[in-house]
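# Topology and contacts: notes
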Amino acid sequence: MDRLVNIPCLIIIFLTTMVTNDVSSLQYFLTQPENTTAMVGSLVTLPCMVANMQGVCQWTRDGLGLGVDQELAAYPRFTMSENSCALQIAPLLPSDEGVYQCQVGAMPGVAPITSQSANLRVTSEPGQPHITQATLGDVMEVKMGEKVVLECQSLGGKPAAEIEWSDQTGKVIEDEVVKKVVLME
C-alpha cells in the first residue's frame, strides 16, 4: 500500500520539473514598442527588450521585414541596438511612417515571438503662411469699402496648420471667413 502512495508523488515532481525547465527557456518581451508620434528630422527609438532571447531579432514595417543585422543595409538611417532589439531611426522622414513590429525568430524547441503593433506617426512644422493674392510679400492695396477675397496658404504642415485672420488691432476676424484644408501628398 505504501508503494501506491509514492508513485503519484514521483509523477507530480517529474511533471513540475519538466514545466519549470520549459518555462525558463521561453523567450518573452520585457518591453514592446508603443504608438509614437515624432517630428521630421528627429531621432526616434522604438523599444523592444526580450528576456531569454535565443532567436534572431528583426523588425517589420507594414508587414515587410527590415533585416536581422544591427546595421540594416537597405535602411541606412535604421539601426538595432546592440544590447536589445530596440530600433533607432535618424533622421526621421515622412516615408518612415507606418506600423512596426519587433520579432524574434524560433530556435529548436523555442517558439518565435512577435510584439504588439506600434503605429509611428511623423509630423512636420507648417510653412510660413502667406496671402496668395499679395504680390509684394503680405501687402495688398485695396480701396476703402471694396470687398476682397483673400486666400492664405501654409504648406507642409502635418497635421495641417490652424490659420486665423486678424485685423490691425489683433482682433480675430470670424465673420465671413471660410476655412478649407487641402491635403497635399
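An account of the accompanying structure is given in this report. Remember, predicted model here, so these are calculated numbers, not experimental data. (Residues numbered from 1 in each chain as written. Predicted model: local features only at pLDDT ≥ 70, side-chain atom pairs only at ≥ 80, totals over all residues. Heavy atoms only, no water.)

## Topic: the overall build of the protein chain
Tallying secondary structure elements over the protein chain gives 1 helix and 15 strands in all. Within the protein chain, the fraction of its 185 residues that count as buried is 22%. Once local pairs closer than 6 in sequence are excluded, the contacts in the protein chain between residues at least 24 apart make up 52%. Only carbon and sulfur atoms are counted for the fraction: they give 58% of the accessible area of the protein chain, which is about 13,400 Å². (Helix = DSSP H or I, 4+ residues; strand = E, 2+ residues; numbered from the N terminus. Buried < 20%, exposed > 50% of the residue type's maximum accessible area, 1.4 Å probe, protein only. Contact = heavy atoms within 4.5 Å. Areas by Shrake-Rupley, 256 points an atom, 1.4 Å probe, with all protein chains shown as cover.)

## Some words on the nonpolar core
If you look at the biggest cluster of nonpolar residues, it comprises 23 residues, and the most contacted ones within it are Trp59, Leu66, Phe78, Leu87, Ile89 and Tyr100. Among the secondary structure elements, those contributing two or more residues to this core are β3 (44-46), β5 (57-61), β7 (78-80), β8 (87-89), β9 (98-104) and β11 (118-123). Among the elements that line this core, the one with the most residues is β9, at 3 residues. Beyond its immediate chain neighbours, meaning those up to four positions away, Tyr100 contacts Leu46, Trp59, Thr60, Arg61, Leu66, Phe78, Leu87, Ile89, Gln116, Ser117, Ala118 and Leu120. (Core = buried A, V, L, I, M, F, W, Y, C linked by side-chain atoms within 4.5 Å.)

## Some remarks on the packing of aromatic side chains
Following the criterion strictly, the structure yields 1 aromatic pair and no others. Ring centres of Tyr75 and Phe78 lie 5.4 Å apart, and the angle between their planes is 40°; this geometry places the pair in the tilted category. Grouping residues by exposure puts Tyr75 and Phe78 together as buried. (Phe/Tyr/Trp six-rings, centres within 6.5 Å; stacked < 30°, edge-to-face > 60°.)

## Digging into the environment of Gly127
With respect to the helices and strands, Gly127 occurs in the loop between β11 and β12 (130-131). Taking the relative accessible area as the measure of exposure, Gly127 reaches 28% and is therefore partly exposed. Between the C-alpha atoms of Gly127 and Gly156, which are 29 residues apart in sequence, the distance is 5.7 Å. Leave out the neighbours within four places in its chain, and Gly127 touches Ser154 and Leu155.

Honestly, it's all geometry; don't read function into it.
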